[in-house]
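# Close look at the chain arrangement
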Amino acid sequence: MAYLVGAGPGRADLITLRGAELIKSADCLIVDKLANPALLEMARQDAEILHVPKRIGPGSYTQDQINRILVEKALAGKRVVRLKGGDPCIFGRCTEEAALLNEAGVDFEIVPGITAAIAAAEYTGIMLTDRRYSSQVAFITGREAEGKEDRNIDWGVLAHFPGTLVFYMGIGTLPTISEQLMAHGRSADTPVALVANATLPTQKVVRAPLSQIVETCGREQIGPPALIIVGPAAQGEAGLNWFMRKPLFGRTVVATRDAAGNAEMARKIVLRGGNPVEFTTMVLQPLTNRNEFLQILTELAGYDWVIFTSPNGVDIFFEAIGAFGKDARVFASVRLATLGTKTAERLAQYGIKADFVPTVFTGRDLGLQLLSYANLKDKKVLLLRSELASDELVEVLRQGEAQVRDVSLYTAVLQEGKATALEEQIQQGRIHWLTFASPSAVRGFFQQVRLSVVHASTVKVASIGPVTSRELIPLGGRIDLEAAEHTVDGLLDAIESAERG
Ligand code: SAH
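Criteria and cut-off values
Residues numbered from 1 in each chain as written. Predicted model: local features only at pLDDT ≥ 70, side-chain atom pairs only at ≥ 80, totals over all residues. Heavy atoms only, no water. Helix = DSSP H or I, 4+ residues; strand = E, 2+ residues; numbered from the N terminus. Buried < 20%, exposed > 50% of the residue type's maximum accessible area, 1.4 Å probe, protein only. Areas by Shrake-Rupley, 256 points an atom, 1.4 Å probe, with all protein chains shown as cover. Lys, Arg positive; Asp, Glu negative; His and termini not counted. Charge placed at Lys NZ, Arg CZ, Asp CG, Glu CD. Near = heavy atom within 4 Å. Polar contact = N/O pair within 3.5 Å; in protein donor to acceptor, adjacent residues only side chain to side chain. Nonpolar A, V, L, I, M, F, W, Y, C, P; charged D, E, K, R; others polar. Domains from an automatic or database assignment. Phe/Tyr/Trp six-rings, centres within 6.5 Å; stacked < 30°, edge-to-face > 60°. Patch = residues over 30% accessible without salt bridge, like charges linked within 9 Å, V, L, I, M, F, W, Y side chains within 5 Å. Salt bridge = Lys/Arg side-chain N within 4 Å of Asp/Glu carboxyl O. Contact = heavy atoms within 4.5 Å. Buried area = accessible area lost by both parts, 1.4 Å probe. Pairing = 2+ DSSP bridges. Axes fitted to C-alpha atoms, helices over the stretch in contact; angles between N-to-C directions. Right-handed = clockwise from strand over helix to strand, strands pointing away. Parallel < 35°, antiparallel > 145°, perpendicular 65-115°, else oblique. Left-handed = near helix turned anticlockwise from the far one by under 90°.

### Structural notes on the overall build of the chain
Counting its regular elements, the chain contains 18 helices and 20 strands. Seen through its C-alpha atoms, the chain measures out along the principal axes to roughly 90 × 60 × 45 Å. Within the span of the chain, comprising 501 residues, buried residues form 49% of the whole. Accessible surface, the chain: about 23500 Å² in total, of which carbon and sulfur atoms supply 50%. Between the averaged position of the 52 positive side-chain charges in the chain and that of its 57 negative side-chain charges there is a distance of 1 Å.

### Description of the site of the ligand
Near the ligand, the surroundings consist of 17 residues, among which Asp87, Ile90, Thr115, Met169 and Ala226 are the closest. A distance of 2.8 Å separates a nitrogen atom of the ligand from a polar atom in the backbone of Pro9. Note that a nitrogen atom of the ligand is positioned 2.8 Å from one of the backbone N or O atoms of Ala198. Of the residues contributing to the shell around the ligand, the split by class is 12 nonpolar, 4 polar and 1 charged. When residues of the shell around the ligand are assigned to domains, at least three fall in each of domain 1 (2–113) and domain 2 (118–240).

### Quick notes on unusual backbone geometry
In this model, Pro224 is joined to Pro225 through a cis peptide bond whose omega is -5 degrees. Residues other than glycine seldom take positive phi values, yet Arg93 does so here, at roughly 55 degrees. Tracing the backbone shows Arg93 in the loop between strand 4 (80–84) and helix 3 (94–103). For Arg93, a relative accessible area of 41% gives the class partly exposed.

### Looking at the packing of aromatic side chains
The final tally for this structure, using the stated rule, is 20 aromatic pairs. Aromatic pair Phe317 and Phe331: ring centres 5.2 Å apart, planes at 25 degrees, arrangement stacked. One end of the pair, Phe317, is in helix 10 (residues 311–322); the other, Phe331, is in the loop between helix 10 and strand 15 (335–338), with 14 residues separating them in the sequence. Among the residues examined, Phe317 registers a relative accessible area of 0% and is labelled buried. For the ring pair Phe445 and Phe446, a centre distance of 5.0 Å and an interplane angle of 80 degrees mean the geometry is edge-to-face. Residue classification places Phe446 among the partly exposed residues on the basis of a relative accessible area of 22%. Here the aromatic residues Phe293, Phe308, Phe317, Phe318, Phe331 and Tyr350 are joined through ring pairs into a cluster of three or more.

### Description of a nonpolar patch on the surface
Taken together, Ile90, Phe91, Ile114, Ile118, Phe139 and Met169 make up a surface patch of nonpolar side chains, about 430 Å² in accessible area. When you line up the elements, Ile90 lands in the loop between strand 4 and helix 3.

### As for the side chain of Ser310
Relative to the helices and strands, Ser310 resides in the loop between strand 14 (305–308) and helix 10. Residues contacting Ser310, with those up to four places away along its chain left out, are Thr343 and Tyr410.

### Digging into the domain arrangement of the chain
Assigned domains of the chain: these are domain 1 (2–113), domain 2 (118–240), domain 3 (252–281 + 415–500) and domain 4 (285–413). Distance between the C-alpha centres of domain 1 and domain 2: 28 Å. Between domain 1 and domain 2, the residue contacts involve 8 residues of the former and 11 residues of the latter. With both chains or domains summed, domain 1 and domain 2 bury close to 690 Å², and 78% of this area falls on carbon and sulfur atoms. Sorting the residues of domain 1 by area buried against domain 2 places Pro9, Arg11 and Phe91 first, and these three jointly supply 62% of that buried surface.

### Some thoughts on the pattern of salt bridges
Tallied over the full model, the rule gives 30 salt bridges. A salt bridge links Glu21 to Arg18; the nearest nitrogen and oxygen atoms lie 2.5 Å apart. Of the two residues, Glu21 and Arg18 are both situated in helix 1 (residues 17–25); the distance of 3 residues between them amounts to about one turn of the helix. Classification of Glu21 by relative accessible area gives partly exposed; the value is 45%. Note that Lys268 and Asp489 form a salt bridge whose closest N and O atoms lie 3.2 Å from each other. Note that Lys268 is positioned in helix 8 (residues 259–271) and Asp489 in helix 18 (residues 488–500), a separation of 221 residues in sequence.

### Thoughts on the sheet that holds strand 1 (residues 2–6)
Strand order in this open sheet of 5 strands is 3-2-4-1-5, and the pairing throughout is parallel. Strands with a single pairing partner mark the edges of an open sheet, and in this sheet they are strand 3 (48–51) and strand 5 (108–111). Taken pair by pair, the neighbouring strands of this sheet meet at an average axis angle of 15 degrees, ignoring direction. Sheet contacts for helix 2 (residues 63–75): strand 1, strand 2 (28–31), strand 3 and strand 4; angle to strand 4, the most-contacted strand, approximately 150 degrees.

### Describing the pairing of strand 17 (residues 403–414)
Where a strand is regular, its side chains alternate between the two sheet faces. Pairing of strand 13 (residues 282–286) with strand 17 involves 5 bridges; the strand directions are antiparallel. The partner of Gln285 across the bridge, within strand 17, is Thr411. For strand 16 (residues 380–386) and strand 17, the ladder comprises 7 bridges, and the chain directions are parallel. Within strand 17, the residue paired with Ser386 across the bridge is Tyr410. After leaving strand 16, the chain enters helix 13 (residues 392–399) and then returns to the sheet as strand 17, a path that is right-handed.

### Let's talk about the packing of helix 10 against helix 11 (residues 341–349)
Following both chains from N to C, one finds helix 10 and helix 11 inclined at 25 degrees, their axes separated by 8 Å at the closest point. When the axes of helix 10 and helix 11 are compared, the pair comes out roughly parallel. Pair helix 10 / helix 11 crosses with right-handed handedness. Counted together, Pro311, Val314, Asp315 and Phe318 of helix 10 and Lys342, Thr343, Arg346 and Leu347 of helix 11 form the full contact between these two elements. Along the lines of polarity and charge, the residues of the contact of helix 10 with helix 11 split into 4 nonpolar, 1 polar and 3 charged.

Below you can see the structure in the form of structure tokens.
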């Protein structure tokens, strides 16, 4: 079975539910250059992923080669997803692929996607079918504007089309397009908009009258993929350019956590319109194979309180006990407290409702709150957390005369990111924010990226809270912001309000 699936126009979450479901279940994915690579994170670990870009040069594929691979994989009994940018059939050579599958006796399904024209317009406040000025829209391929294929385009009709023209693949032929439209009678002052990288954090819009659009685009260095929108609609509606006015739009923000943490933070940055860069500083290493942990497992029922201080800790704990066939029932007789609601939410995913979740962000505050909530004198309290966590929580609880046992579930060890590339980007002023969500991230970062590079640049530095800021002291006065709420969301909120000014 083969599925011709639209990946949507750019941003990963603009795919359809059906498309996402099929990516998750595919044996084999045959992927276009324009499909967002983040979509492939949904694929099964063992899925075969074939990239088939159709650009010119080495590593590129002809349509014939792609057709052959598609049919071959499907005939081999695989569940094949052919993932194409935007909608699979809008300038997507879908007819050929579907016809070949049909001839080969392979069952197929076509899953529509949001085509670039619609998304580019809606992400820039352009209304393609506003009834006041555009009761029709034409999608045109700009590629045919050059050379012999040109006969498919009737410039006379297009020049007098009473609505909006949207040219796909037209960047290379923009001079011909504007020239021909004017030569056939379209007014030189017709509004034109070019939208590049639509829906992505790198989205760019250039507007100019038809007679000046070539020159303007040259100056602004617009590259593919881009759409050319011609007609009154291209002017855009004042106040409707909702995407590009998001506070983080156009801002490049570096996440410096472990790979999974970075991926999560990157998603949040994209939702706020920003451009994430994931720089890995560390890898979390479970310590649950130590004797200490195994022994604690047999003694859990003897504790009065168990405290988790991070979602990572919760995941690592449950993964470890899962290996012994155990589950949430190990906590049947104990009470649980968490540092912050995020940790409590993670516990809830394993079926546990925490007994005490104060809205605090430091171990010290958690300890103080817990002491005022429950009398811990001579009570047995177990901390399950990172080896690198600060001692403050232990000290506070001991002052309350609790019997505290501090067990490490995991530690963070340095992992190298792509430091040279990042240093270059910082030096070129292409990075706007460096974010630090833990002291170990700061250490891991500056073991790789030179302090002097950051010092000499205009990059801004954001810290999640005081404990992390302390680690940033070698940076001198370079901390631009410390989040009031010490969570990743709090950190991004703070950056947003700094950008709003
Ligand atoms: N099937 C796709 C179009 C494939 S043709 C769809 O339905 O969108 C490729 C052309 O689509 C590019 O040359 C460009 O004109 C346009 N395009 C695709 N993604 C785009 C994006 N994110 N921003 C602007 N134009 C895009």
